[in-house]
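Here is how the chains run, residue by residue.
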Amino acid sequence: MRRAIYPGSFDPVTNGHLDIIERGCKLFDEIIIAILVNPDKQPFFSIEERRQMLEEVLKTIQRRNCVLRVDDFEGLLVHYAVAQEANAIVRGIRAISDYEYELQMALMNRRLEPSIETVFMMPAETYSYVSSRLVKEVFQLGGELDGLVPPLVDARMKEKVKKG
Ligand code: PNS
């Protein structure tokens, strides 16, 4: 049984995240998509909203026989991973610019918990420039998000702004 944690802010989940999860399904029997609860950050979506959107959009991807679970966590990622009896942490790397930070995190996590491996995965080139941060910026400045996020996320972002 190979279980991986795919951690992140997922504020919001993008098509790039989903691409990584689909690819991860080729390697793991179970992936826990773990949303970081970060009290220092002012998020666009609450944890509950992010969780609910993830659960919905995960129904649309090719998961093979892989079990997908959505959860949230606080504190050290490796403590959470051990508590979940995971073998690995999955992170997406889009470009060399991601690599330095990701390598630092992976090595720190290995030092803290040598039993957990970090697996870097590359998304499809189409998503190599997609990030939650840019998605929010484009949205807030009136740009279209077609193809960058699932339609449900696009709709939820629009609803949120309407509600104010
Ligand atoms: O989607 P993000 O914001 O790039 O995800 C970053 C995340 C959640 C993977 C990272 O901030 C994290 O693991 N935070 C948990 C706290 C922790 O374990 N810190 C030490 C990491 S070396």
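Residues numbered from 1 in each chain as written. Predicted model: local features only at pLDDT ≥ 70, side-chain atom pairs only at ≥ 80, totals over all residues. Heavy atoms only, no water.

Topic: the overall build of the protein
Argument step 1. Tallying secondary structure elements over the protein gives six helices and five strands in all.
Argument step 2. Along the protein, helices (α) and strands (β) appear in the sequence β-α-β-α-β-α-β-α-β-α-α when read from the amino end.
Argument step 3. Against the globule reference of 15 Å for 164 residues, the protein gives a C-alpha radius of gyration of 15 Å, in line with a compact fold.
Argument step 4. The buried share among the 164 residues of the protein stands at 45%.
Argument step 5. Once local pairs closer than 6 in sequence are excluded, the contacts in the protein between residues at least 24 apart make up 76%.
Argument step 6. Only carbon and sulfur atoms are counted for the fraction: they give 51% of the accessible area of the protein, which is about 9,600 Å². (Helix = DSSP H or I, 4+ residues; strand = E, 2+ residues; numbered from the N terminus. Rg over C-alpha atoms; globule rule 2.2 N^0.38 Å. Buried < 20%, exposed > 50% of the residue type's maximum accessible area, 1.4 Å probe, protein only. Contact = heavy atoms within 4.5 Å. Areas by Shrake-Rupley, 256 points an atom, 1.4 Å probe, with all protein chains shown as cover.)

A short note on the nonpolar core
Argument step 1. Core analysis: the biggest nonpolar cluster contains 36 residues, and Tyr-6, Ile-21, Ile-31, Ile-33, Leu-58, Leu-68 and Met-157 have the highest contact counts within it.
Argument step 2. Only β1 (3-8), α1 (15-24), β2 (30-36), α2 (47-58), β3 (67-73), β4 (88-92), α5 (132-140) and α6 (151-163) provide two or more residues apiece to this core.
Argument step 3. Sorting elements by how many residues they give to this core places α2 first, with five residues.
Argument step 4. Filtering out sequence-adjacent residues up to four positions away, Ile-33 remains in contact with Tyr-6, Phe-10, Ile-21, Leu-54, Leu-58, Leu-68, Arg-69, Val-70 and Asp-71.
Argument step 5. Core analysis: the next-biggest nonpolar cluster, separate from the first, contains eleven residues, Ile-5, Ile-32, Val-78 and Ala-81 among them. (Core = buried A, V, L, I, M, F, W, Y, C linked by side-chain atoms within 4.5 Å.)

What about the sheet that holds β3?
Argument step 1. On the basis of which strands lie adjacent, the open sheet formed by five strands has the order β3-β2-β1-β4-β5 and parallel pairing. Taken across any chain shown, the strands that pair with only one partner, and hence form the sheet edges, are β3 and β5 (117-121). For this sheet the average axis-to-axis angle between neighbouring strands, irrespective of direction, equals 30°.
Argument step 2. For β4 and β5, the ladder comprises five bridges, and the chain directions are parallel. Across the sheet, Ile-89 pairs through a bridge with Thr-118, a residue of β5.
Argument step 3. Against the sheet, helix α4 (residues 96-112) makes contact with β4 and β5, and its axis sits at roughly 160° relative to β5, the strand it touches most. (Pairing = 2+ DSSP bridges. Axes fitted to C-alpha atoms, helices over the stretch in contact; angles between N-to-C directions.)

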